[in-house]
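Inside the fold
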Amino acid sequence: MKTIIELKSLYNAYELLLEFNKKIAIYNTEDEMKKTIQKFLDLGNPIGIIKNNELIAYNNLYCNNQKTLEAYFGNLYVLSEYRRMGIAKQLVMYSIMFAKNKGFKKIILHVAKDNIPAISLYKGIGFEFTGATKKIGCEDTYEMALNI
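Right, let's walk through the structure included here. Values in this document were obtained by computation on a predicted structure and should not be read as measured data. Numbers given to residues run from 1 along each chain, matching the order in which its sequence is written. Side-chain atom pairs in this predicted model are given and counted only at pLDDT of 80 or more, local residue features only at pLDDT of at least 70, and totals for whole chains, interfaces and linings cover all residues. Values reported for side chains reflect all heavy atoms of the structure, with hydrogen atoms and water molecules removed beforehand.

What follows concerns the sheet that holds strand S3 (residues 54-62). The strand order S1-S2-S3-S4-S5-S7-S6 describes an open sheet built from seven strands, whose pairing is mixed. Strands with a single pairing partner mark the edges of an open sheet, and in this sheet they are strand S1 (2-6) and strand S6 (128-136). Neighbour-to-neighbour, the strand axes of this sheet turn through a mean angle of 25°, independent of strand direction. Here the rule is simple: two strands pair whenever DSSP picks up at least two bridges between them. Under the DSSP-based scheme used, a helix requires at least four consecutive residues in state H or I and a strand at least two consecutive residues in state E, with every element numbered from the N terminus. To obtain each axis, a line is fitted to C-alpha atoms, and for helices this fit is confined to the stretch in contact; angles are then taken between N-to-C directions over 0 to 180 degrees.

Here it is as structure tokens:
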């Protein structure tokens, strides 16, 4: 059974995110990984899917810009063995409703220009290219937005 949940509500959120991030291995150092996880928990609204007490997918949604009511959607990851099962779409749809329920009017995200599966997912849900681009780390990205 899978459960979608705001990770901050769990007593072991940090540990779940730490184990997950070790599996996806996207950080250069363990210190960078730990600082980023703490930032997600302090400033963001990490939302995850738990299966058998294991985090199998998550994204970090920042619902903290009360001035513009624009949420920022970032860091969507699904463990490789759970891809192509609709889990990413479930997570995105839950996150959209979460932001909407918090009073936000728009969600903005950046997606790597070569990440065709993610671009297809976002376009299929209704995100549109804004025309803006940004370099994040070593990746060139497109900015996409969805009015909610």
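Let's pick the thread back up.
Our focus in this paragraph is the packing of aromatic side chains. Note on aromatic pairs: the rings of Phe, Tyr and Trp (six-membered ring only in Trp) are paired at centre separations within 6.5 Å, and the planes decide the class, stacked below 30 degrees, edge-to-face beyond 60, tilted for the rest. In this structure the tally under the stated criterion is six aromatic pairs. Geometrically, the ring pair formed by phenylalanine 129 and tyrosine 142 is edge-to-face, given 5.1 Å between the ring centres and 70° between the ring planes. Taken together, the positions of phenylalanine 129 in strand S6 and tyrosine 142 in strand S7 (residues 139-147) put the pair 13 residues apart, joining distant regions of the chain. Pairwise contacts between aromatic rings join Phe20, Phe40, Tyr58 and Tyr77 into one cluster.

Here the focus is unusual backbone geometry. The backbone phi angle of asparagine 52 is positive, close to 50°, even though this residue is not glycine. With respect to the secondary-structure elements, asparagine 52 resides in the loop between strand S2 (45-51) and S3. With phi around 60°, asparagine 75 is a residue other than glycine that occupies positive phi space. Within the secondary structure, asparagine 75 is located in strand S4 (residues 70-78). Using a 1.4 Å probe on the protein chains alone, a residue whose accessible area is under 20% of its type maximum counts as buried, one over 50% counts as exposed, and one in between counts as partly exposed. By relative accessible area, which is 28% here, asparagine 75 ends up partly exposed.

The term salt bridge refers to a side-chain nitrogen of Lys or Arg lying within 4 Å of a carboxyl oxygen of Asp or Glu. Counted according to the given criterion, the structure contains four salt bridges. The shortest N-O distance in the salt bridge between lysine 22 and glutamate 19 comes to 3.8 Å. Residue lysine 22 and its partner glutamate 19 are both found in helix H1 (residues 13-24); the two are separated by three residues, about one turn of the helix. Judged by its relative accessible area of 42%, lysine 22 falls in the partly exposed class. Given a relative accessible area of 43%, glutamate 19 falls into the partly exposed group. Across the pair lysine 34 and glutamate 30 runs a salt bridge, and its minimum N-O distance is 3.1 Å.

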